[in-house]
Amino acid sequence: MQSRALGLFFSLAYGPLTMAATEGVDEHGLAGGLLYTAMQSGTALGLSAVTAVSVAAGSGPDALRTALVVPVAAAVLGAVVVAFGLRTPTGGSSAPAQEAPRGQPPQRDVTH
């Protein structure tokens, strides 16, 4: 039952998290590539951390429970980051938008 619930929750969260990660980014291809690279790297590191904790805790069901503290801690850390909004609401650009003629989108100054 738990594996079905985990699959359901993952499928419900995956799309919105991907959209939130690429929101406000001009280069969606680059953002998508960075997102999926970070997800694959995070998964590999997380799995190795859970395995290391499980091996260090010994064998049996208590070792699994101890190892599952790692992903729970990672989820709590992620929730804290999302809750306090460590991203800027404008997509990270501090350059002011220039006035544009009517009917045209404002242009950002991208020279630094």
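Attention in this report is confined to the structure presented alongside it. Counting from 1, residues in each chain are numbered in the order their sequence is written. It should be noted that, the model being predicted, local features are given only for residues of pLDDT at least 70 and side-chain atom pairs only at 80 or more, the latter also being counted only at that level, while totals for whole chains, interfaces and linings use all residues. To obtain the side-chain values, all non-hydrogen atoms of the structure were used and water was disregarded.

### Some points on the overall build of the protein chain
Move 1: For helices the rule is a DSSP run of H or I covering at least 4 residues; for strands it is a run of E covering at least 2, with both sets numbered from the N terminus onward. In terms of regular secondary structure, the protein chain is built from four helices and zero strands.
Move 2: Counting helices and strands in the order they occur from the N terminus, the protein chain gives α-α-α-α.
Move 3: Expressed as a percentage of its 112 residues, the buried residues of the protein chain come to 8%.
Move 4: Entry remark: accessible area of the protein chain is about 9300 Å², with carbon and sulfur atoms responsible for 68%. We call a residue buried when its accessible area falls under 20% of the maximum for its residue type, exposed when it is over 50%, and partly exposed in between, using a 1.4 Å probe and counting protein chains only. Residue exposure ignores everything except the shown protein chains as possible cover, and the areas themselves are Shrake-Rupley values with a 1.4 Å probe.

### Examining a nonpolar patch on the surface
Move 1: Taken together, the side chains of V72, V76, V80 and F84 present a nonpolar region at the surface, about 400 Å² in accessible area.
Move 2: Topologically, F84 is positioned in helix 4 (residues 69–84). Patch definition: residues with relative accessible area over 30% and no salt bridge; like charges joined within 9 Å; nonpolar side chains (Val, Leu, Ile, Met, Phe, Trp, Tyr) joined within 5 Å. Salt bridges are defined as contacts in which a side-chain nitrogen from Lys or Arg sits within 4 Å of a carboxyl oxygen from Asp or Glu.

### A short note on the environment of T51
Move 1: Here T51 is to be found in helix 2 (residues 28–57).
Move 2: Classification of T51 as partly exposed rests on a relative accessible area of 41%.

### A short note on helix 2
Move 1: Taking 1.5 Å as the rise per residue, helix 2 with 30 residues should run 44 Å; its terminal C-alpha atoms sit 42 Å apart, in good agreement.
Move 2: Within helix 2, burial applies to A31, G32, L35 and V50.
Move 3: Note on helix 2: the residue one or two positions beyond its end, G58, has a positive phi of about 100 degrees. Take the residue count of a helix, subtract one, and multiply by 1.5 Å to get its expected span.

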